Amino acid sequence: EKDIDAILEELDSMIGLASVKAAVHKIVSRAQYYEYMRKQGIDNLRGFGSLHMLFKGNAGTGKTTVARMIAEKSGMRLHKLNCTTASTADIKEVVAEIGTVAGLEGILLYLDEIQYFNKKQQQILLEYIESGAITLIASTTENPYFYVYNAILSRSTVFEFKQVEPEDIIPAVL
């Protein structure tokens, strides 16, 4: 069983990110509900929300840290691609693991700087995101509503990461 409580505990121990923490708690609750429904034999959960995430924020706000933490605790096979250097071939390499022993527990694809992927590269992912074969976490320093393909955006929850405020740091120092 995946250690959901460990994800939440580690996230709660981080300084700041109050809005992100609240949203991740909601996603975890949704994931637990999905798992319960699947165990009841109900696999069609369309319309109940998405587990795909888009992280928006400036450099140094914790986007990659939270994505890494979720990946480590999820039990899924993590593939991390930086979109400044990744290609369509890299996406196809990840997709090739679907249905194999390596991808048995699921595949979590972390795309750093998704704004550098063009529309065609993002469209390749759509089929696998829709089917649930890949869980996507993507990050961007730009406005995702301008840079992320609308079909991916509509299937994802967007989180905004902000700089830690001084009042959030004080309790950690004391």
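The structure we're discussing is the one just above.
So, here's what we can say about the structure. (Residues numbered from 1 in each chain as written. Predicted model: local features only at pLDDT ≥ 70, side-chain atom pairs only at ≥ 80, totals over all residues. Heavy atoms only, no water.)

Helix and strand counts for the protein stand at eight helices and five strands. Across the protein, contacts joining residues at least 24 apart in sequence account for 78% of those joining residues at least 6 apart. Surface accessibility of the protein: about 9800 Å² in total, with carbon and sulfur atoms responsible for 51%. (Helix = DSSP H or I, 4+ residues; strand = E, 2+ residues; numbered from the N terminus. Contact = heavy atoms within 4.5 Å. Areas by Shrake-Rupley, 256 points an atom, 1.4 Å probe, with all protein chains shown as cover.)

Let's shift gears to the packing of aromatic side chains. Inspection of every chain in the model, using the stated rule, returns two aromatic pairs. Considering the side-chain rings of Phe55 and Phe159, the 5.6 Å spacing of their centres and the 75° angle between planes classify their relative orientation as edge-to-face. Here Phe159 lies in strand 5 (residues 156–161) and Phe55 lies in strand 1 (residues 52–57), a separation of 104 residues in the sequence. Assigned by exposure class, Phe55 and Phe159 land together as buried. Ring geometry for Phe55 versus Phe161: centroids 4.8 Å apart, planes at 50°, classification tilted. Here Phe55, found in strand 1, pairs with Phe161, found in strand 5; they are 106 residues apart in sequence, far enough to count as distant. With relative accessibility at 0%, the residue Phe55 sits in the buried group. Ring pairs connect the aromatic residues Phe55, Phe159 and Phe161, which therefore count as one cluster. (Phe/Tyr/Trp six-rings, centres within 6.5 Å; stacked < 30°, edge-to-face > 60°. Buried < 20%, exposed > 50% of the residue type's maximum accessible area, 1.4 Å probe, protein only.)

Another point: the packing of helix 4 (residues 88–95) against helix 5 (residues 119–131). Where helix 4 meets helix 5, the closest approach of the two axes is 10 Å, and the angle between their N-to-C directions is 10°. By the angle class used here, helix 4 and helix 5 are roughly parallel. Of the residues in helix 5, those touching helix 4 at Thr88, Ile91 and Val95 are Gln121, Ile124, Leu125 and Tyr128. (Axes fitted to C-alpha atoms, helices over the stretch in contact; angles between N-to-C directions. Parallel < 35°, antiparallel > 145°, perpendicular 65-115°, else oblique.)

On to the sheet that holds strand 1, then. Here five strands make up an open sheet; going across it, the order is 2-3-4-1-5 and the pairing parallel. Of all the strands in the sheet, the pair left with one neighbour each is strand 2 (77–82) and strand 5. On average, each strand axis in the sheet is inclined to that of its neighbour by 15°, with strand direction left out of account. Pairing between strand 3 (residues 107–112) and strand 4 (residues 134–140): five bridges, direction parallel. Note on strand 4: the bridge partner recorded for Leu109 is Leu136. Where helix 4 meets the sheet, it contacts strand 2, strand 3 and strand 4, and its direction lies at approximately 175° from that of strand 2. (Pairing = 2+ DSSP bridges.)

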